[in-house]
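Residue-level structure breakdown
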Amino acid sequence: MKRLLSAFVLVAICATAFAQVTVTSSNYYGTGNTVRDTYVVANDLTDSVATTSIVNNPFVLDNSLRSLFEAYNMIDTAFYDEPRTEGEFTDETFSVADDNGMRMHIKVTDEKAVCLGISGALAQMGLNDDMELEFDEPMDVIEFPAALNSEKNSTAHGSYLKHISEMQNTFNAIQGGSMIYGFVTAEYDSVSIDMQVTYHSTFDEAGTLTLSGDMMLQGVYEYLRENRQYTYITNMYLHRIGGDFQNINECTLTNQMFAGIFGSETINLGEALATMMGISFPISSTTTTLNYWTANDNYPILEMITNANASGVKKLAVRYGENEVCVESQIISANIYPNPTTDFLNIEMEEMGEATLRIYSVNGSLVKEDVLSGSHNSINVNALGNGNYF
């Protein structure tokens with residue numbers, strides 16, 4: 001029997017279902033928008049799933065994801081944040097977190113989107129504080145409109161200065177650390193985190209995506225894919241009292257008391273952190289994300305965090321919420337019966353002008369298209385084979 005798997009009917013009353021997708025200023029989440037912060041998440045950051053096992057032709061995301069990922073569930077998360085009203089980055093339009101726990105602060109204008117800076121916890125760098133690193137100059141992210149084959153490369157630099165006391169807990173955690181910290185504060189008074197960020201973005205693919213999983217907003221979406229890569233290179237510098245900043249790997253301390261603990265009267269602070277705490281500078285990390293933009297969306301409907309060359313997917317997030325695919329489209333509440341059926345499908349909905357009904361197979365193929373008018377329509381589906389449809 002034929003079953004139509006939908007609690008609503010997506011009716012496109014425009015002449016065509018999809019327009020050419022380009023990314024414009026209005027595609028970005030902006031002040032006053034409602035943040036759709038519920039996701040369907042498939043997540044296994046230890047091992048990746050081959051991208052080719054997810055992205056096929058036709059491109060369909062359904063319940064088969066459950067068998068690919070170790071964890072698969074719906075979660076609520078503040079992935080996108082409202083703009084700040086005080087402190088750093090008050091000019092931002094929104095901020096968004098990446099997979100390294102860093103938050104990018106984005107400002108959107110009609111001409112382009114730029115990143116103002118980065119914030120995030122500094123525990124991985126041996127500091128107690130949360131970093132608020134504003135770039136020397138904003139980093140260009142996208143120039144509008146972005147279309148297929150458009151590309152952007154940019155770099156940014158910023159430094160975050162803190163008192164040397166922010167390192168006290170780090171030194172206290174290692175053998176002889178309290179003693180080392182005492183000697184450090186006698187020679188150094190501040191610590192600087194220096195970050196260089198390289199950004200590369202290419203809109204490399206356009207196509208059609210079907211969402212049909214039981215926790216997704218089911219529908220067929222024309223997309224423009226952005227292959228985005230951030231590379232962070234982070235160094236630490238200590239400021240010698242009355243002198244200059246020195247790279248942590250060039251900072252040394254000499255005292256006879258060190259010989260009994262470290263086997264040498266002279267220790268290198270960079271080597272000490274690397275050996276005893278596993279914190280080795282420079283710290284280098286890369287985040288690669290495939291973002292699937294759809295027309296009139298406020299950010300990608302699908303994000304896949306991948307390995308560096310995008311051959312394996314480590315984390316996948318599907319937006320769950322209203323996501324219309326063209327300006328003239330409407331989501332119409334409807335009563336569909338009998339369902340399942342063997343011949344005719346009755347559709348009762350609110351009174352409206354002429355509209356188009358499209359039925360898709362589970363692999364995303366359009367199998368039937370009909371014109372609807374008025375509040376009651378009877379559709380002959382006898383020619384469709386047994387199975388589930390959308």
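Residues numbered from 1 in each chain as written. Predicted model: local features only at pLDDT ≥ 70, side-chain atom pairs only at ≥ 80, totals over all residues. Heavy atoms only, no water.

With that settled, consider the overall build of the protein. Scanning the protein from terminus to terminus reveals five helices and 26 strands. Of all 390 residues assigned to the protein, the portion counted as buried reaches 48%. Summed over its atoms, the accessible surface of the protein is roughly 17,600 Å², and 45% of this surface lies on carbon and sulfur atoms. (Helix = DSSP H or I, 4+ residues; strand = E, 2+ residues; numbered from the N terminus. Buried < 20%, exposed > 50% of the residue type's maximum accessible area, 1.4 Å probe, protein only. Areas by Shrake-Rupley, 256 points an atom, 1.4 Å probe, with all protein chains shown as cover.)

This part takes up the sheet that holds strand β10 (residues 112-121). Taking strand neighbours across the sheet as the criterion, the five strands line up as β7-β8-β9-β10-β11 in an open arrangement whose pairing is antiparallel. Whereas interior strands pair on both sides, the edge strands pair on one side only; in this sheet they are β7 (80-81) and β11 (130-143). Where strand β9 (residues 103-108) and β10 come together, six bridges link them in antiparallel fashion. Of the residues in β10, the one forming a bridge with H105 is G117. (Pairing = 2+ DSSP bridges.)

In this section: the packing of aromatic side chains. Enumeration according to the criterion identifies nine aromatic pairs in this entry. Ring plane angle 90 degrees and centroid distance 6.0 Å describe the contact between F59 and Y223, whose orientation is recorded as edge-to-face. Highlighted residues: F59 in strand β5 (residues 59-61) and Y223 in strand β14 (residues 219-240), separated in sequence by 164 residues. Residue classification places Y223 among the buried residues on the basis of a relative accessible area of 4%. Here Y230 and Y232 contribute two aromatic rings whose centre-to-centre distance is 6.2 Å and whose plane-to-plane angle is 15 degrees, an arrangement assigned as stacked. What makes Y230 buried here is its relative accessible area of 6%. Under the relative-accessibility criterion, Y232 is labelled buried at 3%. Of the aromatic side chains, those joined through ring pairs into one cluster are Y28, F94, F144 and W293. (Phe/Tyr/Trp six-rings, centres within 6.5 Å; stacked < 30°, edge-to-face > 60°.)

A complete count under the given rule lists nine salt bridges for this structure. Linking R240 and E187 is a salt bridge whose minimum nitrogen-to-oxygen distance equals 2.5 Å. Placement of R240 in strand β14 and of E187 in helix α3 (residues 177-187) is noted, with a sequence separation of 53 residues between them. Using a relative accessible area of 27% as the deciding quantity, one classes E187 as partly exposed. E205 is the partner of R225 in a salt bridge, and the nearest nitrogen-oxygen pair spans 3.6 Å. Taken as a pair, R225 in strand β14 and E205 in strand β13 (residues 188-211) lie far apart in primary sequence, 20 residues in all. Owing to a relative accessible area of 12%, R225 belongs among the buried residues under this scheme. For E205, a relative accessible area of 22% puts it in the partly exposed group. Sharing partners across several salt bridges, the network here consists of K112, D140, E143 and K152. (Salt bridge = Lys/Arg side-chain N within 4 Å of Asp/Glu carboxyl O.)

Mapped onto the elements, I248 comes out in the loop between β15 (245-247) and β16 (252-254). Residues I248 and F281, spaced 33 residues apart in sequence, show a C-alpha to C-alpha distance of 7.7 Å. Aside from chain neighbours lying at most four places away, what touches I248 is M236, Y237, L238, N268, L269, G270, L273 and F281. (Contact = heavy atoms within 4.5 Å.)

Looking now at unusual backbone geometry. With an omega of 5 degrees, the peptide bond between N57 and P58 qualifies as cis. Tracing the backbone shows P58 in the loop between β4 (49-50) and β5. Going from F144 to P145, the amide bond is cis rather than trans, its omega being -10 degrees. Tracing the sequence through the fold places P145 in the loop between β11 and β12 (151-163). Its identity as a non-glycine residue notwithstanding, F89 has a phi of 65 degrees, on the positive side.

Let's shift gears to the pairing of strand β18 (residues 283-294). In terms of burial, β18 is a largely internal element, nine of the 12 residues being buried. Of the pairings in the sheet, the one linking β14 to β18 comprises 12 bridges and is antiparallel in character. Note on β18: the bridge partner recorded for Y223 is T294. Note: β18 against strand β19 (residues 302-306), five bridges, orientation antiparallel. For T289, the partnering residue across the bridge sits in β19 and is I305.

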